[in-house]
Amino acid sequence: MAACVYLLASRRNIALCLGVTSNLIQSIWQHRSELAEGLTRRYGVHILVWYGAHDTMENANAREKAIRGRKRTWKLGLIEERNRQ
């Protein structure tokens, strides 16, 4: 897996954090260890609720930008759709 777009959430999707990475496991570890300032630390955004793998970082960045432009309700639908399976 070359690149991933991911969504993290706090308790029951109260706060959402969207990111892109070339190392999903390391990024999640950093969020859970609260090494990054911002939403992660302030709202306890530690739960991986969705991710999408991409062949290139270019594609992952484009997908992140597309998701970032969507409304919160659409993002919650994306999470629910993936977690229903």
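This is a predicted model, so every value here is computed, not measured.

**Thoughts on helix H4 (residues 72-84)**
Point 1. In this model, H4 (13 residues) spans 18 Å end to end at C-alpha, consistent with the 18 Å of a helix rising 1.5 Å per residue.
Point 2. Those residues of H4 that fall on the buried side of the exposure criterion are Lys75, Leu78 and Ile79. Summarising the axial view, the buried residues of H4 lie within an arc of 95°, below the 170-degree limit, and thus occupy one face. More than 90 degrees from the buried face of H4, the exposed residues found are Thr73 and Arg84.

**Quick look at the pairing of strand E2 (residues 16-21)**
Point 1. Counting buried positions over the 6 residues of E2 gives 5, a clear majority of the element.
Point 2. Bridge analysis of strand E1 (residues 3-9) against E2 gives 6 bridges, and the strand direction is antiparallel. Within the sheet, the bridge partner assigned to cysteine 4 lies in E2 and is threonine 21.

**Quick word on the nonpolar core**
Point 1. Of all hydrophobic cores here, the largest spans 12 residues; its members are Ala3, Val5, Leu7, Ala9, Leu16, Leu18, Val49, Trp50, Ala60, Ile67, Leu78 and Ile79.
Point 2. Contributions of two or more residues to this core are made by E1, E2, strand E3 (47-54), helix H3 (57-68) and H4.
Point 3. For this core, the element with the highest residue contribution is E1, accounting for 4 residues.
Point 4. Residues within four places of alanine 60 in sequence aside, it is in contact with Ala3, Cys4, Val5, Val20 and His54.
Point 5. By size, the runner-up hydrophobic cluster in this structure holds 8 residues, among which are Tyr6, Cys17, Ile28 and Val45.

**Here's the deal with the packing of H3 against H4**
Point 1. Contact pair H3 / H4: the axes reach a minimum separation of 9 Å and the direction vectors enclose 125°. When the interaxial angle is binned, H3 and H4 end up oblique. Only Trp74, Lys75 and Leu78 of H4 make contact with H3, whose side of the interface consists of Arg63, Ile67 and Arg68.
Point 2. The residue inventory of the contact of H3 with H4, partitioned by class, reads 3 nonpolar, no polar and 3 charged.

Definitions and cut-offs
- Residues numbered from 1 in each chain as written.
- Predicted model: local features only at pLDDT ≥ 70, side-chain atom pairs only at ≥ 80, totals over all residues.
- Heavy atoms only, no water.
- Helix = DSSP H or I, 4+ residues; strand = E, 2+ residues; numbered from the N terminus.
- Expected span 1.5 Å × (residues − 1).
- Buried < 20%, exposed > 50% of the residue type's maximum accessible area, 1.4 Å probe, protein only.
- Arc of directions from axis to C-beta.
- Pairing = 2+ DSSP bridges.
- Core = buried A, V, L, I, M, F, W, Y, C linked by side-chain atoms within 4.5 Å.
- Contact = heavy atoms within 4.5 Å.
- Axes fitted to C-alpha atoms, helices over the stretch in contact; angles between N-to-C directions.
- Parallel < 35°, antiparallel > 145°, perpendicular 65-115°, else oblique.
- Nonpolar A, V, L, I, M, F, W, Y, C, P; charged D, E, K, R; others polar.

Everything listed here is a matter of coordinates, which is why it stays silent on function.
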